[in-house]
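Residue-level listing of the chains:
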2 protein chains.
Amino acid sequence: MMAQVDDPAPAARRPRGRPRKSETRVDTRALIVAAAATEFTAKGYDSTSMRAIARRAGVDPSLVHHYFGDKADLFAETIRAPLRPDRLVAAVLDGPRDRVGENLVRALVTAVDDPKVSKRAVGLLRTALGQEFAAALLRQFISREVLGRIAATLGGEQAELRASFAASQMVGLLVARYGVRIEPLASASVEEVVRRVGPVIQWHLTGGGPLDGGGTPGE
Amino acid sequence: MMAQVDDPAPAARRPRGRPRKSETRVDTRALIVAAAATEFTAKGYDSTSMRAIARRAGVDPSLVHHYFGDKADLFAETIRAPLRPDRLVAAVLDGPRDRVGENLVRALVTAVDDPKVSKRAVGLLRTALGQEFAAALLRQFISREVLGRIAATLGGEQAELRASFAASQMVGLLVARYGVRIEPLASASVEEVVRRVGPVIQWHLTGGGPLDGGGTPGE
């Protein structure tokens, strides 16, 4: 399935009104994304390399890096991810350690409350529940780029186990609020969700936080 | 779509080797389940009555009650529910108030760790994420028979809101452990899951419990 594509560079010699360069760029991008989809599906997220994707697309590896910064970028494009959980998590992990829970929940819910994002997120979850290769891909991506990053930053005993339980509450929040739309949760304000789920994520990840003291959630 | 069915009673007069009675029973049951599926889909869980199902099936309402104890029974049969969350919850609510979280998690995980059950549970979740009428049905059933029961029994401020957040952690546990199978959670022992999720459910529902004191989950 090797294919030859034009190098995008010679566009400067083209006459006005013929946006050949951008057309070529779109084609090349699409070709790389299609090759990536094939590679990810065949080998999984962890075992797929940017080099193998370039080889399958029939382009130079530098071109793949030119269009896509890293493998997570390319994967997100391949599955048309509605948001970048890896970037969202990286941003939150840069903040205060004792507010990771509430900041993660606030960032996720604020982003996914956009109907276009939630529709796509629910569609991805549905696919992952129906097709084993989709589940495997999503699982590897989440483990490597999201949970692995959280565990490495927060450290501590059983950091990966903790991160996977935090993920279960985050995924459940997505399904309950945007998928099945269980009320009153589905209509609750962002800050209500932050008050009730933030401490749970904090506790899953670090075992401490605002749940200490026997308080009542959100009151 | 009315249909006549034989009354199952006259089987005693049939010759040996012709299990007419049980055949008829199966047919009548199937007829009622089919009628129920149509009614539930058209009107939703809350607005469907046993009487309307009987009318659509062309049988006497007493026959519907004979085969199915109540509407929840009939609904569970209609969606081929792999377990009865309403009964599971009712049993747990009969136990100690301060152990509702851990008992709910233990009962759910123990039941769904059976591969036949988890396959069916994941299939139902996938359907609910893909079809609005399925989501609406599942939402109404969960609200009425599961969350409503929890809220009525535990009471307190914002009991329904609390119950819906507890549901988000339970659903997320199902998706993460049996659907996407996020590790290490997916391979964790039942008791590990109970230690890490039980306190979360307890806190969602009652705002107190084993999370008090700043301990580290599961340690």
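Source: prediction; values computed, not measured. (Residues numbered from 1 in each chain as written. Chains lettered and ligands numbered in written order. Predicted model: local features only at pLDDT ≥ 70, side-chain atom pairs only at ≥ 80, totals over all residues. Heavy atoms only, no water.)

### Some points on the pattern of salt bridges
All names here are of chain A. Within the structure shown, the criterion is met by 32 salt bridges over all chains. For Glu191, the salt bridge goes to Arg106, with nearest N and O atoms at 2.9 Å. In this pair, Glu191 sits in helix α10 (residues 190-206) while Arg106 sits in helix α6 (residues 100-112), placing the two residues 85 residues apart along the sequence. On the basis of relative accessible area, Glu191 is assigned to the partly exposed category, the value being 36%. The exposure class assigned to Arg106 is partly exposed, which follows from its relative accessible area of 25%. (Salt bridge = Lys/Arg side-chain N within 4 Å of Asp/Glu carboxyl O. Helix = DSSP H or I, 4+ residues; strand = E, 2+ residues; numbered from the N terminus. Buried < 20%, exposed > 50% of the residue type's maximum accessible area, 1.4 Å probe, protein only.)

### Quick notes on the relation of the copies chain A and chain B
Of the two same-sequence chains, chain A is brought onto chain B (RMSD 0.0 Å, axial shift 0.0 Å) by a rotation of 180°. Seen this way, the second copy is the image of the first under a two-fold rotation axis. Considering only C-alpha atoms, the residue of chain A closest to the rotation axis is Gly172 of chain A, which sits at 1.6 Å. Interface residue correspondence from chain A to chain B reaches 100%, placing this contact among same-surface, isologous pairings. (Least-squares fit on C-alpha atoms with pLDDT ≥ 70 in both. Contact = heavy atoms within 4.5 Å.)

### Considering the packing of aromatic side chains
Residues and elements named next belong to chain A. Applying the stated criterion across every chain, the model contains ten aromatic pairs over all chains. One aromatic cluster is present, built from ring pairs that chain together Phe40, Tyr45, Phe75 and Phe141. The ring of Tyr45 carries the charged tip of Lys71 above its face, separated from the ring centre by 4.6 Å. (Phe/Tyr/Trp six-rings, centres within 6.5 Å; stacked < 30°, edge-to-face > 60°. Lys NZ or Arg CZ within 6 Å of the ring centre and 35° of its normal.)

### A word on the packing of helix α9 (residues 159-179) of chain A against helix α9 (residues 159-179) of chain B
Orientation of α9 of chain A relative to α9 of chain B, taken along the N-to-C sense of each, is 110°, at an axis distance of 7 Å. The orientation of α9 of chain A relative to α9 of chain B falls into the category roughly perpendicular. The segment α9 of chain A lies against α9 of chain B, with Ser168, Gln169, Val171, Gly172, Leu173, Val175 and Ala176 of chain A engaging Ser168, Gln169, Val171, Gly172, Leu173, Val175 and Ala176 of chain B. Of the residues in the contact of α9 of chain A with α9 of chain B, the class split is eight nonpolar, six polar and no charged. (Axes fitted to C-alpha atoms, helices over the stretch in contact; angles between N-to-C directions. Parallel < 35°, antiparallel > 145°, perpendicular 65-115°, else oblique. Nonpolar A, V, L, I, M, F, W, Y, C, P; charged D, E, K, R; others polar.)

### Some words on the interface of chain A and chain B
Counting residues at the interface gives 52 residues for chain A, matched by 52 residues for chain B. Carbon and sulfur atoms supply 67% of the area that chain A and chain B bury against each other, a total of about 4,600 Å² over both sides. For the chain A face of the interface with chain B, the top three residues by lost area are Leu129, Phe165 and Trp203 of chain A, together amounting to 16%. Put simply, chain A and chain B have two salt bridges between them. With a shortest N-O distance of 3.3 Å, Glu132 of chain A and Arg181 of chain B are connected by a salt bridge. Taken together, chain A and chain B are joined by 14 residue pairs in polar contact (both at pLDDT 80 or more). Elements represented by at least two residues in the side of chain A that touches chain B include exactly α7 (115-130), α8 (132-154), α9 and α10 of chain A. The element best represented in the side of chain A that touches chain B is α9 of chain A, accounting for 14 residues. Residues belonging to the side of chain A that touches chain B are distributed by class as follows: 25 nonpolar, 14 polar and 13 charged. (Buried area = accessible area lost by both parts, 1.4 Å probe. Polar contact = N/O pair within 3.5 Å; in protein donor to acceptor, adjacent residues only side chain to side chain.)

### Quick notes on the packing of α9 of chain A against helix α10 (residues 190-206) of chain B
In the contact formed by α9 of chain A and α10 of chain B, the axes pass within 11 Å of each other and the chain directions differ by 40°. Considered as vectors, α9 of chain A and α10 of chain B are oriented oblique to each other. Relative to α10 of chain B, α9 of chain A is oriented so that their crossing is right-handed. When α9 of chain A is examined against α10 of chain B, the residues Leu161, Arg162, Phe165 and Gln169 of chain A are found in contact with a partner set consisting of Glu192, Val193, Arg196, Val197, Val200 and His204 of chain B. Residues of the contact of α9 of chain A with α10 of chain B, tallied by class, amount to five nonpolar, two polar and three charged. (Left-handed = near helix turned anticlockwise from the far one by under 90°.)

### Examining helix α2 (residues 50-57) of chain A
For α2 of chain A, every residue scored as buried is listed here: Met50, Ala52, Ile53, Ala54 and Ala57 of chain A. Gly58 of chain A, located one to two residues past α2 of chain A, shows a positive phi value of around 70°.

### Thoughts on the confidence of the model for chain A
Per-residue confidence for chain A averages 84 on the pLDDT scale, and 83% of its residues sit at or above 70. Per the prediction output, this complex has pTM 0.80; the corresponding ipTM is 0.80. (pLDDT = per-residue confidence, 0-100.)

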